[in-house]
Amino acid sequence: MQIDYPVKGVFIDLDGTLVDSAPDLHDALNQSLMQLNYGPYDIQQTRQWIGNGLDLLLHRALTNRFDGQADETLLNQCRDLFLAQYRQTNGVKSCLYPGVAEALSYFKESGCKVACVTNKNRAFAEPLLDSLGVLASFDLVLGGDDVSSKKPHPEMLHKALN
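Here the structure is a predicted model, which means the values were calculated and not measured.

1. Quick notes on the packing of aromatic side chains
Here the distance between the centres and the angle between the planes together describe a pair of aromatic rings. As enumerated under the stated definition, the model contains four aromatic pairs in all. Where Tyr86 meets Phe124, the ring centres are 5.0 Å apart and the plane angle is 50°; that geometry is what we call tilted. A residue pair is termed long-range when its members are at least 10 positions apart, and Tyr86 in helix 4 (residues 72–89) and Phe124 in helix 6 (residues 122–131) qualify at 38 residues. The same class applies to Tyr86 as to Phe124, namely buried. Each residue in the set Phe82, Tyr86 and Phe124 is aromatic and connected to the rest through ring pairs, giving one cluster. The aromatic ring of Phe66 is capped on one face by Arg60, whose charged end is 3.7 Å from the ring centroid.

2. Some words on the layout of surface pockets
By volume, the largest pocket amounts to about 730 Å³. Forming the boundary of the largest pocket are 29 residues, of which Asp15, Gly53, Leu54, Asn119 and Lys120 lie nearest the centre. Of all the elements in the fold, those that place two or more residues in the lining of the largest pocket are strand 2 (19–20), helix 1 (22–35), helix 3 (54–63) and helix 4. Ranked by residues supplied to the lining of the largest pocket, first place goes to helix 4 with four residues. Its residues assigned to classes, the lining of the largest pocket shows twelve nonpolar, eight polar and nine charged.

3. Some words on the nonpolar core
Counting 18 residues, the largest nonpolar core has Leu29, Leu33 and Phe82 as its most contacted members. Contributing elements (two or more residues each) for this core: helix 1, helix 3 and helix 4. Judged by nonpolar contacts, the second largest core, of 17 residues, contains Leu14, Cys116, Leu132 and Val141.

4. Overview of the sheet that holds strand 4 (residues 113–117)
Read across the sheet, three strands follow the order 1-4-5 without closing on themselves; strand pairing throughout is parallel. A strand with exactly one partner marks an edge of an open sheet, and here the two such strands are strand 1 (9–12) and strand 5 (140–142). Each neighbouring strand pair of the sheet contributes to a mean axis angle of 20°, computed without reference to strand direction. Bridge analysis of strand 4 against strand 5 gives three bridges, and the strand direction is parallel. Bridge pairing in strand 5 places Cys116 opposite Val141.

5. Digging into the side chain of Arg79
Relative to the helices and strands, Arg79 is located in helix 4. A distance of 2.8 Å separates polar atoms of two side chains, one belonging to Arg79 and the other to Asp55.

6. Considering unusual backbone geometry
Of note, the amide linkage connecting Gly39 to Pro40 takes the cis form, showing an omega dihedral of 0°. Mapped onto the elements of the fold, Pro40 is located in the loop between helix 1 and helix 2 (43–49). Cis geometry is adopted by the peptide bond preceding Pro152, which originates at Lys151 and carries an omega value of 20°. Residue Asn37 is not a glycine yet carries a positive backbone phi of 65°. Inspection of the secondary structure assignment puts Asn37 in the loop between helix 1 and helix 2. Among the residues examined, Asn37 registers a relative accessible area of 73% and is labelled exposed. One non-glycine residue, Asn64, adopts positive backbone phi at about 55°. Within the secondary structure layout, Asn64 lies in the loop between helix 3 and helix 4. Accessibility expressed as a relative area gives 44% for Asn64, which makes it partly exposed.

Conventions we followed
Residues numbered from 1 in each chain as written. Predicted model: local features only at pLDDT ≥ 70, side-chain atom pairs only at ≥ 80, totals over all residues. Heavy atoms only, no water. Phe/Tyr/Trp six-rings, centres within 6.5 Å; stacked < 30°, edge-to-face > 60°. Helix = DSSP H or I, 4+ residues; strand = E, 2+ residues; numbered from the N terminus. Buried < 20%, exposed > 50% of the residue type's maximum accessible area, 1.4 Å probe, protein only. Lys NZ or Arg CZ within 6 Å of the ring centre and 35° of its normal. 1 Å grid on protein atoms, 1.4 Å probe; cavity = no way out; pocket = protein on both sides within 12 Å on 5 of 7 lines; lining within 4 Å. Points joined across faces, edges and corners; volume = space filled by probe spheres on them. Nonpolar A, V, L, I, M, F, W, Y, C, P; charged D, E, K, R; others polar. Core = buried A, V, L, I, M, F, W, Y, C linked by side-chain atoms within 4.5 Å. Pairing = 2+ DSSP bridges. Axes fitted to C-alpha atoms, helices over the stretch in contact; angles between N-to-C directions. Polar contact = N/O pair within 3.5 Å; in protein donor to acceptor, adjacent residues only side chain to side chain.

Here it is in structure tokens:
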């Protein structure tokens, strides 16, 4: 396939696209759950639960069901514990997927603008990208806390375009 026009920009998701962050999420999840006398779970179980945002991950882990609904008070406690734990585990075991660093370099060398658009809060996304040595590859990092409606809502993409 040949492209007859120059690509001016690329939007890239973070978790599960650029980075395998499941090990760090798993560690923070288990540490949080154990403080509440739940879990622990193995990494494969955590991998099945991630990908739909923090609250769904916590609902699933607290109920041990993919469609589980945890008590709101318990969910709030677990979220606070998770965020405190994740500040410590973020970037410890995460790794770039093969070819990501080379692709980001290629985009930069081509003059293409590159934005990371992620539902992860920017307070976690930027340190993660920095710990992996690729933060400077991005012209823009937009996190879930930068918009009122997270993906798949188009607000984040509209903001990145602007």
